[in-house]
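# Coordinates in review
What follows is each chain in one-letter form.
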Amino acid sequence: MPEIKVTPLGAGQDVGRSCILVSIGGKNIMLDCGMHMGYNDDRRFPDFSYITQNGRLTEFLDCVIISHFHLDHCGALPFMSEMVGYDGPIYMTHPTKAICPILLEDFRKITVDKKGETNFFTSQMIKDCMKKVVPLNLHQTVQVDDELEIKAYYAGHVLGAAMVHIKVGLESVVYTGDYNMTPDRHLGAAWIDKCRPDVLISESTYATTIRDSKRCRERDFLKKVHESIERGGKVLIPVFALGRAQELCILLETFWERMNLKAPIYFSTGLTEKANHYYKLFITWTNQKIRKTFVQRNMFEFKHIKPFDRSYADNPGPMVS
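Cut-offs applied
Residues numbered from 1 in each chain as written. Predicted model: local features only at pLDDT ≥ 70, side-chain atom pairs only at ≥ 80, totals over all residues. Heavy atoms only, no water. Pairing = 2+ DSSP bridges. Helix = DSSP H or I, 4+ residues; strand = E, 2+ residues; numbered from the N terminus. Axes fitted to C-alpha atoms, helices over the stretch in contact; angles between N-to-C directions. Contact = heavy atoms within 4.5 Å. UniProt positions renumbered as here; feature names shortened; annotations may be inferred. Patch = residues over 30% accessible without salt bridge, like charges linked within 9 Å, V, L, I, M, F, W, Y side chains within 5 Å. Areas by Shrake-Rupley, 256 points an atom, 1.4 Å probe, with all protein chains shown as cover. Salt bridge = Lys/Arg side-chain N within 4 Å of Asp/Glu carboxyl O. Lys, Arg positive; Asp, Glu negative; His and termini not counted. Charge placed at Lys NZ, Arg CZ, Asp CG, Glu CD. Buried < 20%, exposed > 50% of the residue type's maximum accessible area, 1.4 Å probe, protein only. Domains from an automatic or database assignment. Buried area = accessible area lost by both parts, 1.4 Å probe. Polar contact = N/O pair within 3.5 Å; in protein donor to acceptor, adjacent residues only side chain to side chain. Nonpolar A, V, L, I, M, F, W, Y, C, P; charged D, E, K, R; others polar. 1 Å grid on protein atoms, 1.4 Å probe; cavity = no way out; pocket = protein on both sides within 12 Å on 5 of 7 lines; lining within 4 Å. Points joined across faces, edges and corners; volume = space filled by probe spheres on them.

## Quick word on the sheet that holds strand β1 (residues 4-10)
Strand order in the open sheet formed by six strands is β1-β2-β3-β4-β5-β6, with mixed pairing between adjacent strands. In this open sheet, the two strands that pair with only one neighbour each are β1 and β6 (133-136). Each adjacent strand pair in this sheet contributes to an overall mean axis angle of 25 degrees, direction not counted. As paired elements, β1 and strand β2 (residues 19-24) share six bridges and run antiparallel to each other. Its bridge partner being in β2, P8 is matched across the sheet by I20. Across the sheet, helix α3 (residues 94-114) is in contact with β5 (90-93) and β6; its angle to β5 comes to roughly 105 degrees.

Next up, the structure:
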């Protein structure tokens, strides 16, 4: 049987910096190209010198596939394509292509403008990198070349997240990226055709974690928020991941509506606001319930949630932000 070689350049027995090199039927595919949140030195990005010591990566890679827009899966992309050098195709879904540059620019701003780091990708490099992106539709077989074909499937997790089935001749690999088997308030569960790949590469960060029921956790959270509001308090909720922010907004919006609460809810402007624009735009990627209510109203047009301004912090009375 021909050999399939899998080399983690990141995320092997580690969380972050997802970047898997797969060699199958003479083709080399890079799956994700993420950064590591825990490092500020060379270890922040995958070690691309493993692929080649000198010269561009274009000669060594047939394509790059990005599973979703979180930085631990796409944060090294402009560095890889513009600073190390890669001119080949980069595949990702339409929502990922829309949201990815927003997160990359935010990452660049914090690293360069606030922390003052040098030797980092620029805004122009992000734009040039995104020009190399080829958008993927779900369930569409894409011929990368005469022998290599890829097909994307819905992964849940965040808007636009995809699993991918890679085929060369009779050999095949499935790469899941991050996926979710339980639907949440705004996304459906992951789904893939019945298939028998030679190799399955799966996300396993929480594989052995047994969590409390989601309903119980949400009930406890809402109870604490409500108690604080009733006492006239201010509730500050730190949310660092896009997708989680949208989920929380829907949870609070629904609760406010049901309980007829009047205390204001604010979300920090910037990232969440920009992303909400795309969540409204790509409504077909959300779950059944949101698509159904879309006829009456867009679930991301929040009635009780408004953009935050720093001057609101000193306002008297209860609030959530």
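Additional details are given in the paragraphs that follow.
## Observations regarding the UniProt feature "domain: Metallo-beta-lactamase" (unreviewed entry) in the protein
Mapped onto this structure's residue numbering, the UniProt feature "domain: Metallo-beta-lactamase" (unreviewed entry) falls at residues 16-210. Here residues 16-210 runs as 22% helix and 24% strand, with 21 Å between its end C-alpha atoms.

## Regarding a positive patch on the surface
On the surface, K109, K114, K274 and R310 cluster together to form a positively charged patch. Counting through the fold element by element, K274 comes out in helix α7 (residues 271-281). In this structure K274 comes out as partly exposed when scored by relative accessible area, which is 46%.

## Notes on the domain arrangement of the protein
Frequently, the measure chosen for interface size is the accessible area that the parts lose on association. What the domain assignment reports for the protein is domain 1 (5-201) and domain 2 (214-320). Relative placement of domain 1 and domain 2: their C-alpha centres are 30 Å apart. Of the residues lining the interface, 22 residues belong to domain 1; the matching set on domain 2 comes to 20 residues. Summed over both sides, the interface of domain 1 with domain 2 buries roughly 1,900 Å², with 68% coming from carbon and sulfur. When the buried area of domain 1 at its contact with domain 2 is split by residue, L159, R185 and H186 rank highest and sum to 40% of it. Summed over the shared surface of domain 1 and domain 2, the result is one salt bridge. For the salt bridge of R185 with E218, the shortest nitrogen-to-oxygen distance reads 2.7 Å. At the junction of domain 1 with domain 2, the criterion picks out four residue pairs in polar contact (both at pLDDT 80 or more). Among the elements that take part in the side of domain 1 that touches domain 2, α3 stands out by supplying seven residues, more than any other. Counted by class, the side of domain 1 that touches domain 2 contains 12 nonpolar, seven polar and three charged residues.

## Let's talk about empty space enclosed by the protein
The full count for this structure, using the stated rule, is one cavity of 30 Å³ or more. In this model, the largest cavity occupies a volume close to 50 Å³. Taken together, the elements giving at least two residues each to the lining of the largest cavity come down to β5 and β9 (162-168). If you tally residues by element for the lining of the largest cavity, the top one is β9, at three residues.

## Some thoughts on the pairing of β5
Covered by surrounding structure in β5 are I90 and M92 together with Y91 and T93, the residues of both alternating faces. Strand direction decides the pairing type here: strand β4 (residues 63-65) and β5, joined by two bridges, are parallel. By the bridge assignment for β5, V64 is matched with I90.

## Comments concerning the layout of surface pockets
With a probe scaled to a water molecule rolled over the atoms, the places where space remains empty come into view. Here the second largest pocket defines a volume of roughly 280 Å³. D41, D42, F45, F79 and N119 are, among the 14 residues lining the second largest pocket, the residues nearest its centre. Residues of the lining of the second largest pocket, tallied by class, amount to five nonpolar, four polar and five charged.

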